[in-house]
Amino acid sequence: MNVLAIETSCDETAVAVVRREQGRNRVLVDIVHSQAMHARFGGVVPELASRAHAEQMVPTVRAALAEAGLERPDVVATTAGPGLIGAVLVGLSFGKSAALGWGVPFYGVNHLEGHLLSALLEDPAPAFPFLSLVVSGGHTTLYEARAVGDYRALCQTTDDAVGEAFDKVARMLGLGYPGGPRVEALARAGNPKAVVFPHPRPAGRPMDLSFSGLKTAVRTWIERHPETPPEDVAASFQDTVARYLVDRVEQGVALTGCRRIAIGGGAAANTRLREALVATGLDVYLPPKRRCTDNAAMIGNVAALRLAAGAPPWTLDCTARARWEVGP
Ligand code: KG4
Ligand code: ZN
């Protein structure tokens with residue numbers, strides 16, 4: 001079974017072909033066009049993102065099919081949310097039309113489930129049940145994944161997501177967009193112990209996740225201590241985030257007894273976080289960095305897993321959603 005997968009929920013136009021054979025999913029083609037034009041605005045401009053998706057869609061799908069040596073796929077899978085609604089609509093409308101034209105089943109995929117199950121594309125892959133830490137630009141959640149479609153959120157951010165915190169700190173340090181990779185690059189030259197930021201653990205609610213307090217602490221520090229080298233601020237912030245997330249993962253392990261932990265989402269590309277997770281000695285599954293940031297292979301992966309597990313394809317009235325919790 002060859003799945004043509006399309007992802008346009010934010011500022012990446014991504015198309016992949018994922019083949020399911022002998023009980024495993026294999027990525028045949030993985031194209032990601034990142035939209036560089038948002039950099040000068042300091043963040044993603046939704047209208048520009050949608051326009052660029054519309055321009056890129058047909059040529060990128062053609063290129064993906066040609067690279068896979070396919071005239072048409074057996075299934076079309078597209079991100080149906082959550083994300084920027086105009087951006088999601090470009091990929092979703094195209095995907096549904098293409099499936100209808102080819103006469104093949106269509107599957108609408110939750111973007112977060114894509115990140116949640118990314119580690120299953122790798123070899124070795126975690127066996128169920130496993131914990132999955134999804135750290136993206138808009139979401140930060142630690143899930144317990146019991147089976148395909150059976151997830152329990154153990155803790156979830158109530159304010160800023162990890163990627164968002166990186167983006168905001170990048171702005172405070174004048175680094176521009178995208179923030180995460182720039183903070184990480186600057187932090188390489190800094191001392192992670194230079195500034196002691198408060199470990200953000202809301203009193204009495206130990207399984208909460210929150211990053212707005214840390215973000216404010218960074219802002220206040222920069223205002224009061226402008227002489228601190230920016231690389232030290234970046235390294236100390238990054239280190240605090242990594243230790244905080246590891247703390248939550250360890251609590252998740254204590255709560256569930258499950259020692260297998262996978263990660264996904266853009267901030268999972270952060271080397272400090274990856275090292276901190278490995279250092280726990282838990283059974284850690286880290287997808288390659290290009291599969292942590294937005295891509296379509298993870299969307300094809302979910303569709304192939306769900307269809308293999310017996311889920312019926314979605315009908316064409318599957319709608320685009322700006323918000324969508326991961327569910328059954
Ligand atoms: O998953 P993703 O590509 O898009 C969303 O679904 O949101 O995540 C994007 C987020 C951005 O906030 C970006 O700053 C962050 O991931 N990010 C990173 C790194 N690479 C991307 N954060 C920290 N370190 C990185 N290396
Ligand atoms: Zn994402």
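Residues numbered from 1 in each chain as written. Chains lettered and ligands numbered in written order. Predicted model: local features only at pLDDT ≥ 70, side-chain atom pairs only at ≥ 80, totals over all residues. Heavy atoms only, no water.

## Points about the side chain of Asp-11
Move 1: By secondary structure assignment, the location of Asp-11 is in the loop between strand S1 (2-7) and strand S2 (12-21).
Move 2: No salt bridge is formed by the buried Asp-11, whose closest oppositely charged neighbour, Arg-182, lies at an N-O distance of 10 Å.
Move 3: In contact with Asp-11, other than residues within four places in its own chain, are His-33, Ser-34, Gln-35, His-38, Val-44, His-53 and Tyr-177. (Helix = DSSP H or I, 4+ residues; strand = E, 2+ residues; numbered from the N terminus. Buried < 20%, exposed > 50% of the residue type's maximum accessible area, 1.4 Å probe, protein only. Lys, Arg positive; Asp, Glu negative; His and termini not counted. Salt bridge = Lys/Arg side-chain N within 4 Å of Asp/Glu carboxyl O. Contact = heavy atoms within 4.5 Å.)

## Looking at the coordination of the zinc ion (ligand 2)
Move 1: The zinc ion (ligand 2) binds to the protein through His-111 (NE2), His-115 (NE2) and Asp-294 (OD), with metal-donor distances spanning 2.0 to 2.1 Å.
Move 2: Of note, the zinc ion (ligand 2) draws all its donor residues from one chain, in the sequence arrangement H-x3-H-x178-D. Linking His-115 in helix H3 (residues 111-116) with Asp-294 in the loop between strand S10 (283-285) and helix H9 (297-308), this pair joins segments that are 179 residues apart in sequence. The exposure classification of His-115 matches that of Asp-294, with both residues buried. (Donors = N, O, S within 2.8 Å, 3.2 Å for Na, K, Ca; no water.)

## A short note on the site of ligand 1
Move 1: The environment of ligand 1 is formed by 19 residues, the closest being Gly-137, Asp-167, Gly-180, Glu-184 and Gly-266.
Move 2: At 2.8 Å from an oxygen atom of ligand 1 is found a main-chain nitrogen or oxygen belonging to Gly-137.
Move 3: The separation between an oxygen atom of ligand 1 and a polar main-chain atom of Gly-180 is 3.0 Å.
Move 4: Taken by itself ligand 1 offers 550 Å² of open surface, and the protein chains cover 88% of this.
Move 5: Examining the composition of the shell around ligand 1, we find that four residues originate from one element, helix H4 (residues 162-172), more than from any other.
Move 6: Classifying every residue of the shell around ligand 1 by side-chain character gives four nonpolar, 11 polar and four charged. (Near = heavy atom within 4 Å. Polar contact = N/O pair within 3.5 Å; in protein donor to acceptor, adjacent residues only side chain to side chain. Areas by Shrake-Rupley, 256 points an atom, 1.4 Å probe, with all protein chains shown as cover. Nonpolar A, V, L, I, M, F, W, Y, C, P; charged D, E, K, R; others polar.)

## Here's the deal with the domain arrangement of the protein chain
Move 1: As far as domains go, the protein chain holds domain 1 (2-117 + 294-308) and domain 2 (123-286).
Move 2: Averaged C-alpha coordinates put domain 1 and domain 2 at centres separated by 27 Å.
Move 3: Opposite the 14 residues of domain 1 that make contact, domain 2 presents 19 residues.
Move 4: Between domain 1 and domain 2 lies a buried interface of about 1300 Å² when both sides are counted; carbon and sulfur atoms form 67% of it.
Move 5: Contact with domain 2 buries surface across domain 1, with Leu-112, His-115 and Leu-116 losing the most and accounting together for 44% of the total.
Move 6: Across the contact surface, domain 1 and domain 2 share three residue pairs in polar contact (both at pLDDT 80 or more).
Move 7: With four residues, H3 is the largest single contributor of residues to the side of domain 1 that touches domain 2.
Move 8: Among the residues forming the side of domain 1 that touches domain 2, the class breakdown is seven nonpolar, three polar and four charged. (Domains from an automatic or database assignment. Buried area = accessible area lost by both parts, 1.4 Å probe.)

## Focus on helix H6 (residues 212-224)
Given 3.6 residues to a turn, an α-helix orients residues that are three or four positions apart in the same direction.
Move 1: Across its 13 residues, H6 extends 18 Å between first and last C-alpha, which sits within 8% of the 18 Å expected from 1.5 Å per residue.
Move 2: Along H6, the residues classified as buried are Leu-214, Lys-215, Ala-217 and Val-218. One side of H6 holds all its buried residues, which, seen down the axis, span an arc of 160 degrees. Turned more than 90 degrees away from the buried face of H6 sit Glu-223 and Arg-224, all of them exposed.
Move 3: The elements touched by buried residues of H6 are H4 and helix H7 (230-256). (Expected span 1.5 Å × (residues − 1). Arc of directions from axis to C-beta.)

## Regarding the state of the cysteines
Move 1: Applying the stated rule across the entire model yields zero disulfides.
Move 2: Among the cysteines around Cys-292, which has no disulfide bond, Cys-10 carries the closest sulfur, lying 16 Å off. (Disulfide = S-S within 2.5 Å.)

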